[in-house]
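# Structural features, examined
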Amino acid sequence: MAVTPEELQQEPPPTTRSREDDDSHSPEDEHNNGGSNHIDADDSDDGAEDAEEEREDDEEVVPETGESKLRAQRDKMENLFRRMRTEKVTLRVHDVVIKGNVKTKESVIEAAVEALKKASSLQEILQASSVANARLQGLQVFDSVNITLDAGPPELPGTANVIIEVSEPKNPVTGEIGIFTRPEARLWSLEGSLKLKNPFGYADIWDGSLVYGLDQATEVSAGVALPRFRCWPSPVSARVSMLSKDWLKFSSYEEGSSGFSLGLLSTTNHELNYIMTWRTLTDPIQMASMDVRRHLGHSLLSSVKYTFKVDRRDSPLRPTRGYCFLSSTQVAGIFPDDRSVRFLRQEFDFHFALPLRFYRAALNFGVSAGFLLPWGRAFLSEPSPLPDRFFMGGQSSPICSLAGPSFLLGFQCRGVGPTESQRVTKDNLEGTASETVPKRDALGGDLALTAFADLSFDLPLRLFQDAGIHAHAFACAGNLSKLSDNEYRNFSIPKFLQSFRSSAGVGIIVPTKLLRMEVNYCYILRQFDHDHGRTGIKFSFSSTQ
């Protein structure tokens with residue numbers, strides 16, 4: 001049965017009787033009681049005394065105290081919760097009242113609370129209010145968001161008003177700066193960002209960032225994000241950037257790029273982006289291998305990238321149950337230009353966490369795979385673009401990252417896969433015999449596959465358990481192979497499986513709110529010539545970004 005707010009707010013009538021009810025007697029009652037109006041003297045005296053005592057009792061009614069009011073309110077709330085669990089409380093939203101938005105347009109807030117107007121019961125209103133609160137907080141332009149329910153107009157029973165009160169920040173400009181390090185690759189970077197929130201009232205966020213890598217990468221970028229653009233149902237974003245990467249240590253080339261990206265779709269499970277970038281590969285030391293020299297020069301990347309993601313894990317930093325899946329598809333070459341690279345790049349990630357019944361232990365499994373193929377005429381005989389190939393190695397945790405088949409503990413960055421000797425110059429020949437052995441360039445691969453297993457568990461000390469510090473034992477394996485440039489003719493599945501690299505180890509993990517720090521001892525189980533794996537203690541810093 002349906003229950004209206006008026007019925008829920010009704011107070012029980014007082015149990016005391018009114019004096020008029022006690023004094024009012026009809027003749028019929030007197031006739032029924034005695035059959036006559038004649039009253040005996042003794043009876044009259046007794047009746048008078050009883051009437052006087054009743055009047056005194058009525059005059060001595062104790063007023064309702066604060067404790068009794070609190071008890072009555074608690075009883076009504078318990079009754080309301082009991083009815084909400086057992087039956088549908090019919091209620092609809094009459095009006096949505098917005099307060100506190102000095103700069104933000106009401107249309108932006110109304111778009112985030114559309115589901116409230118469609119609710120038809122109290123349970124649906126409460127659920128829609130929770131979703132609306134999360135959406136408004138997700139805009140990142142309010143200091144606080146409060147949503148309350150109030151009774152609707154008296155002439156419209158069964159209605160309620162939703163009051164949304166937001167608090168806008170006094171200073172819309174925020175900034176961050178920090179120094180970040182990757183000890184496993186001996187890389188350091190200075191990163192800073194500046195954000196301007198909601199300057200035009202559309203919950204728009206404008207930001208600029210600078211990343212200066214002391215050893216490898218430098219990036220300058222600026223962008224804007226809008227939660228809603230005209231009739232487009234999804235948030236949109238735009239970003240321009242200039243990027244410089246130094247891969248001389250690993251592959252004898254430097255990469256410079258400038259371009260823009262458009263975020264066309266962004267929901268919980270789906271993302272769609274368009275990317276256009278002008279890239280330049282150079283060899284300033286004139287030492288690049290033959291394969292790298294083929295890719296030097298200018299190229300245009302015009303691609304559409306779609307990502308599907310489902311994450312049902314209880315924690316991205318230390319998952320103990322659940323699973324996650326990610327699929328990323330990138331199609332490049334949609335811009336009609338001779339210098340536009342054309343390829344199809346596909347990645348898959350699947351992680352699964354199984355809880356165990358001791359020391360909060362959990363067993364995590366993960367598999368990542370990816371392939372890259374050029375498209376067009378005689379695509380298998382053409383080489384795939386070097387910057388878009390798969391490279392493997394590095395110490396970042398494979399549990400946290402869903403970045404495809406790229407991490408392999410115990411191996412250095414770009415330390416696994418096909419390589420080629422650098423060019424021998426006259427200066428090399430003038431050295432000693434030991435120095436005439438040329439270095440090798442990492443070339444990456446078109447087919448990549450990695451897998452890992454990780455057993456995490458609490459340490460027996462209570463101090464470590466309270467801080468979240470725990471231990472783990474792990475094993476991982478992976479391999480790369482080329483398919484383009486007619487290399488598919490030399491590929492076979494048994495050969496690919498037999499050439500897997502692998503490692504195992506144990507370590508201590510210190511989780512924080514933003515990242516996961518690991519101190520691991522890695523033991524290389526299998527590697528081949530020209531791989532860069534080494535047994536020993538490794539440091540790792542991983543995040544979910």
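Refer to the structure printed above.
These lines cover the structure that appears in this document, whether it is placed above or below.

Procedures and definitions
Residues numbered from 1 in each chain as written. Predicted model: local features only at pLDDT ≥ 70, side-chain atom pairs only at ≥ 80, totals over all residues. Heavy atoms only, no water. Helix = DSSP H or I, 4+ residues; strand = E, 2+ residues; numbered from the N terminus. Buried < 20%, exposed > 50% of the residue type's maximum accessible area, 1.4 Å probe, protein only. Contact = heavy atoms within 4.5 Å. Areas by Shrake-Rupley, 256 points an atom, 1.4 Å probe, with all protein chains shown as cover. Salt bridge = Lys/Arg side-chain N within 4 Å of Asp/Glu carboxyl O. Phe/Tyr/Trp six-rings, centres within 6.5 Å; stacked < 30°, edge-to-face > 60°. Lys NZ or Arg CZ within 6 Å of the ring centre and 35° of its normal. Expected span 1.5 Å × (residues − 1). Arc of directions from axis to C-beta. Pairing = 2+ DSSP bridges.

### A closer look at the overall build of the chain
Helix and strand counts for the chain stand at 13 helices and 21 strands. Considering the chain as a whole, with its 545 residues, one finds that 37% of them fall into the buried category. By sequence separation, contacts in the chain at least 24 residues apart represent 58% of the contacts at least 6 residues apart. For the chain, the computed accessible surface area is about 31,900 Å², with 56% contributed by carbon and sulfur atoms.

### Examining unusual backbone geometry
Backbone geometry at Ala 203 places phi at a positive 60°, although glycine is not the residue there. Even without glycine at this site, Tyr 359 takes up a positive phi of about 50°.

### Some details on the environment of Pro 227
Inspection of the secondary structure assignment puts Pro 227 in the loop between strand 7 (217-226) and strand 8 (236-246). For Pro 227, a relative accessible area of 22% gives the class partly exposed. The sequence separation of Pro 227 and Val 108 amounts to 119 residues, and the corresponding C-alpha distance is 8.2 Å. Among residues more than four places away in sequence, those in contact with Pro 227 are Leu 139, Tyr 202, Ala 203, Ser 234 and Pro 235.

### Topic: the environment of Pro 383
Within the element layout of this structure, Pro 383 appears in the loop between strand 14 (362-374) and strand 15 (419-421). A sequence separation of 92 residues divides Pro 383 from Asp 291, and the C-alpha atoms of the two residues are 9.2 Å apart. Each residue touching Pro 383, except ones within four places of it in the same chain, is listed here: Arg 294, His 295, Pro 374, Arg 389, Ser 484 and Asp 485.

### What to know about the pattern of salt bridges
Applying the stated criterion across every chain, the model contains 11 salt bridges. Residue Arg 313 pairs with Asp 311 through a salt bridge whose shortest N-O separation is 3.0 Å. The exposure class of Arg 313 is buried, given its relative accessible area of 12%. The residue Asp 458 makes a salt bridge to Arg 318 at a minimum N-O spacing of 2.9 Å. A residue pair is termed long-range when its members are at least 10 positions apart, and Asp 458 in strand 17 (residues 447-458) and Arg 318 in the loop between strand 11 (297-311) and strand 12 (322-332) qualify at 140 residues. Given the relative accessible area of 7%, Arg 318 is considered buried. Salt bridges sharing common partners tie together Asp 291, Arg 389 and Lys 482.

### Side note on the packing of aromatic side chains
Inspection of every chain in the model, using the stated rule, returns six aromatic pairs. One aromatic cluster is present, built from ring pairs that chain together Phe 491, Phe 496 and Phe 500. The ring of Phe 390 carries Arg 345 above its face, with NZ or CZ at 4.1 Å from the centroid. Geometry around Phe 391 places Arg 414 over its ring, the cationic atom sitting 3.6 Å from the centre.

### Things to note about helix 8 (residues 122-138)
Look at helix 8: 24 Å from first C-alpha to last across 17 residues, which is about the 24 Å you get at 1.5 Å a residue. Along helix 8, the residues that are buried comprise Leu 122, Ile 125, Ala 128, Ser 129, Ala 132 and Leu 136. Buried residues of helix 8, viewed axially, fall in a sector of 115°; they line one side. Structural note: helix 8 exposes Gln 127 and Ala 134 on the side pointing more than 90 degrees away from its buried face. Positive backbone phi, at 65°, marks Gln 140, one or two positions downstream of helix 8.

### A short note on the pairing of strand 20 (residues 516-526)
In the sheet, strand 19 (residues 501-511) pairs with strand 20 via 10 bridges, with the strands oriented antiparallel. Looking across to strand 20, one finds that Ala 504 is bridged to Tyr 523. Here strand 20 pairs with strand 21 (residues 536-542) via seven bridges, running antiparallel. Looking across to strand 21, one finds that Tyr 521 is bridged to Ile 537.

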